[in-house]
Amino acid sequence: MVAKTKKQTGKSPATQTDRDRSPLVSPPGKSNVRRPGREGKAFNSTHSNGLSGIRHKLGLTPSAAAKLGITLLLAALTGYLHWYHLTQLFENDRHFSHLSNLEKEMAFRTEMGLYYSYYKTIIEAPSFLDGLHMVMNDRLTEHPLVINTLKRFNLYPEVVLASWYRMYTGVMAYFGIPTKMCWSINRGEGLTPVDSCEGMGDPAYFYVTCVFLLNGMMMSIFFMYGSYLSGSRLGGVITTLCFFFNHGESTRVMWTPPLRESFAYPFLVLQMLLLTYILRTRNPSRTAMVALGISNLCFMLPWQFAQFVLLTQVASLFASYILGYLAAAKMQSILVTHMITLGVCFVLMFGNSMLLTSFYASSLVSIWVIIAMRERFAQVFRQGIVIWVMQGLAWVCSTVLLKFLLSTVLGASDDAHISGLIKSKFTSYKDFHTLMYTCAAEFDFMELETPVRYLKTLLLPINVLVVALIAGRTVQDVVRSLRHGEKTLAKTEDADEAAGSEIAAKGELVYHSLQLMAFAVLAILIMRLKLFLTPHMCIMASLICSRQLFGWIGEKFKQHTVVFAVLAIMAIQGMTNLQAQWAIIGEFSNLPQEELLDWIQENTRPNAVFAGAMPTMASVKLSTGRPIVNHPHYEDAGLRERTKLVYSMYSRMSGETVKRNLMKLGVDFFILEDSWCTRRTRPGCSMPEIWDIEDPQNVGKTPLCTHISRNSRPHFTTVFSNDIYKVLKVPKATKDLR
């Protein structure tokens, strides 16, 4: 245990209100896009005239306005509960409030530390613009290269948070309001005391608080999403409870706040809610399409993986169009919105070629052309299954062809590892970079325990039932269409008008089922992607409250009785899962790394260049500001080759070869970790075994790292060592080696 002693006085930071925003209003019979401000003030009885005016502008009856108010209050409550839940889990796991600044930085491991380092750079710069210039002309991350990290690493969240932090601290300082309290922490065990600060004036505290507030707002949107999709507030309750009951399978933001998904996923939830509104509405307004585009952009900018998720969305929509549940005009409007968003994102990402050469970009163009040529398809192929299959084949072939054509023309190879990763899932193919992914548990196939956990909380059975009902009705519609020789509704411009709201309602359910199956495929192939599958399963679970699907149970009272019975059974395992999360009590400590970082600060030049394991390099850059040659952001082709050269230390090559590799990179110090030499997550996944695939001529030899851990001479000189780390000094390169 640690003792906490107050070091200086100051007011506690003002409580941050959870500013939940509702993107959607769903009164009976009408849906409107709306983004009001703070709901808390909207229910003050002293402002009845203001409320009446707002109600008239929205076209709501008093009853509908009351229902809307209740929905927003419940949404705000669920958002607050999720924010509180995340905050407590994070604090319990790390005892974050008692950590020194260095310990807080060390707690952000691997990619997290890399992303946080740019936030730190901007807030510590003389001005915001100076900090922005530094991250756009970075000389530390891939020495000796100068790179635009804003382009490479999707750092807009850090730029925004750093600007907010500077404004917040500047305003508070102007008014003389304290923003944090600092304490002296006695760590015991003969360790020196450290200073620890908490409050919004502490950079790390501000950062994680903003992340958790954003994900609290996500839960508010989740509630509204479930309510809107199911047509019942009880559906929103089902969605949020399913999320909480399966929290460990739904998100990891409470353990890894700085990861890109922590910033991006809330905007995907908003985007899918808006898309649901657009699918349900006969003639969605331009405002709705603009809102869809903005949420799309906010999802794409923070995360390089967003393009793959949007590819599954576009594919699911295209399948709905082929089956006749989505009109051509509406499909084209959605495609145009995606195209514009992609173009804006390309500009804001300074021409990042991965966006234009992605399967997502090629798919948008392919589907647009196929829809534009729908009359030609109708003339050449018979209506029904034949034309559906041909459209699907045309989409797949043209998308793949266009993607590889663009990659060749633009010379882009940054996403080549994705193709290798997918190839390795279906064949015996493997190489160094593929194994670096697949040997990590999160990139392996989904573990069997995951569906078992879904079974225990009834999430899987409910989803199977819902999808089965939707599939059954869809098959009936398809058979009826084929039997009567009717043209699919998607082939006419006035499809929604002719079919009415029934087809639109069926269309949104078909889309959500297809999207669920797409997420399931992704999660099965790459376990990490269950973070998309589980929340969408929670959304689909809300449909047990849908009268459209489950009206056959009987009147609403009977249906609600069944729903509450299901909830009671879900809560048995769900509460057990929550109690297991609440029982996690820990305290972050990493003394060996702390010793390493302190030694680097005190005994090396500010321009000394370091290389080593990717997670450690992120910590070295963040906490010491020393240049590094490799880092955990593995999506760049050049960086992958640099890392391969650095990791030759863990191969069976000769010491002379590895020394030359490091000298060519300009490395001054290599940080050796014995665990990387011996760690083996499963057969074939130790670093020497991974290198055997690339370097078969040296198979059977003792790994170089084993030799170096015993005696670093004659190739290197050991200048620091503890139980975990050994710092090797690399000889200076001569002119003939450069």
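Keep in mind that what you see is a predicted model, and the values were worked out from it rather than measured.

Rules used throughout
Residues numbered from 1 in each chain as written. Predicted model: local features only at pLDDT ≥ 70, side-chain atom pairs only at ≥ 80, totals over all residues. Heavy atoms only, no water. Helix = DSSP H or I, 4+ residues; strand = E, 2+ residues; numbered from the N terminus. Buried < 20%, exposed > 50% of the residue type's maximum accessible area, 1.4 Å probe, protein only. Disulfide = S-S within 2.5 Å. Salt bridge = Lys/Arg side-chain N within 4 Å of Asp/Glu carboxyl O. Polar contact = N/O pair within 3.5 Å; in protein donor to acceptor, adjacent residues only side chain to side chain. Contact = heavy atoms within 4.5 Å. Pairing = 2+ DSSP bridges. Patch = residues over 30% accessible without salt bridge, like charges linked within 9 Å, V, L, I, M, F, W, Y side chains within 5 Å. Areas by Shrake-Rupley, 256 points an atom, 1.4 Å probe, with all protein chains shown as cover. Axes fitted to C-alpha atoms, helices over the stretch in contact; angles between N-to-C directions.

## Considerations on unusual backbone geometry
1) Next: Note the cis peptide between His-143 and Pro-144, where omega equals 5°.
2) Next: Within the secondary structure layout, Pro-144 lies in the loop between α5 (128-136) and α6 (149-152).
3) Next: Along the chain, Arg-713 connects to Pro-714 via a cis peptide bond; the corresponding omega equals 10°.
4) Next: Turning to its location among the elements, Pro-714 is positioned in the loop between α33 (704-710) and β8 (717-721).
5) Next: Positive phi values are uncommon outside glycine, yet Asn-154 reaches one of about 55°.
6) Next: The residue Asn-154 is located in the loop between α6 and α7 (156-174) in this model.
7) Next: The backbone phi angle of Phe-350 is positive, close to 60°, even though this residue is not glycine.
8) Next: Assignment of secondary structure puts Phe-350 in the loop between α14 (328-348) and α15 (353-356).
9) Next: Assessed through its relative accessible area of 36%, Phe-350 is described here as partly exposed.

## Some words on the state of the cysteines
1) Next: Per the stated rule, a full pass over the model turns up three disulfides.
2) Next: Across a sulfur-sulfur distance of 1.9 Å, Cys-182 and Cys-197 are joined as a disulfide pair. Because the torsion about its S-S bond is 100°, the bridge between Cys-182 and Cys-197 counts as right-handed. In this pair, Cys-182 sits in strand β4 (residues 181-186) while Cys-197 sits in strand β5 (residues 194-198), placing the two residues 15 residues apart along the sequence. Summarising the burial analysis for this pair, Cys-182 and Cys-197 share the class buried.
3) Next: At a sulfur-sulfur separation of 2.0 Å, the disulfide partner of Cys-439 is Cys-685. Judged by the sign of its S-S torsion, about -80°, the bond between Cys-439 and Cys-685 is left-handed.

## Some remarks on the pattern of salt bridges
1) Next: Enumeration over the complete set of coordinates arrives at 22 salt bridges.
2) Next: Between Asp-636 and Arg-152 there is a salt bridge; the shortest N-O distance is 3.6 Å. Within this pair, whereas Asp-636 is found in the loop between α28 (614-624) and α29 (637-646), its partner Arg-152 is found in helix α6, the two being separated by 484 residues in sequence. Comparing Asp-636 with Arg-152, the two get one shared label, buried.
3) Next: A salt bridge links Arg-605 to Asp-668; the shortest N-O distance between them is 3.8 Å. Placement of the pair is Arg-605 in the loop between α27 (591-603) and β6 (610-612) and Asp-668 in the loop between α30 (655-664) and β7 (669-673), with a sequence separation of 63 residues.
4) Next: Overall, the relative accessible area of 42% leaves Arg-605 in the partly exposed class.

## Quick notes on the side chain of Thr-457
1) Next: Along the chain, Thr-457 falls in the loop between α21 (449-456) and α22 (459-484).
2) Next: At 3.4 Å, the side chain of Thr-457 forms a polar contact with the backbone oxygen of Tyr-454.
3) Next: Discounting chain neighbours no more than four positions away, the residues touching Thr-457 are Phe-245, Asn-246, Met-570, Gln-573, Gly-574 and Asn-577.

## Overview of the pairing of β7
1) Next: Counting buried positions along β7 yields five of five residues, so the element is predominantly enclosed.
2) Next: Residues Phe-669, Ile-671 and Glu-673 point to one face of β7 and Phe-670 and Leu-672 to the other, with burial holding for every one of them.
3) Next: Looking at chain direction, β6 and β7 are connected through three bridges and run parallel. Bridging from a neighbouring strand, Ala-611 pairs with Phe-670 of β7.
4) Next: Bridge count between β7 and strand β9 (residues 725-729): five bridges; the pairing is antiparallel. Looking at the pairing, Glu-673 lines up with Tyr-725 of β9.

## Regarding a nonpolar patch on the surface
1) Next: Together, Val-336, Ile-340, Val-344, Leu-348, Val-365, Trp-368, Val-369 and Met-373 give the surface a local cluster of nonpolar side chains, amounting to about 590 Å² of exposed area.
2) Next: Where the nonpolar patch is concerned, the elements lending two or more residues are α14 and α16 (359-372).
3) Next: At four residues, the largest contribution of residues to the nonpolar patch is made by α14.
4) Next: Examined against the element boundaries, Val-344 turns out to sit in helix α14.
5) Next: Judged by its relative accessible area of 35%, Val-344 falls in the partly exposed class.

## Section: the sheet that holds β9
1) Next: On the basis of which strands lie adjacent, the open sheet formed by four strands has the order β6-β7-β9-β8 and mixed pairing. Both edges of this open sheet fall to β6 and β8, since each of them pairs with a single strand only. If you compare each strand with its neighbour and ignore which way they point, the axes differ by 30° on average.
2) Next: Pairing of β8 with β9 involves four bridges; the strand directions are antiparallel. Each bridged residue has a counterpart across the sheet, and for Ser-721 the counterpart in β9 is Lys-726.
3) Next: Packed on one face of the sheet, α27 meets β6, β7, β8 and β9 and runs near 25° to β9.

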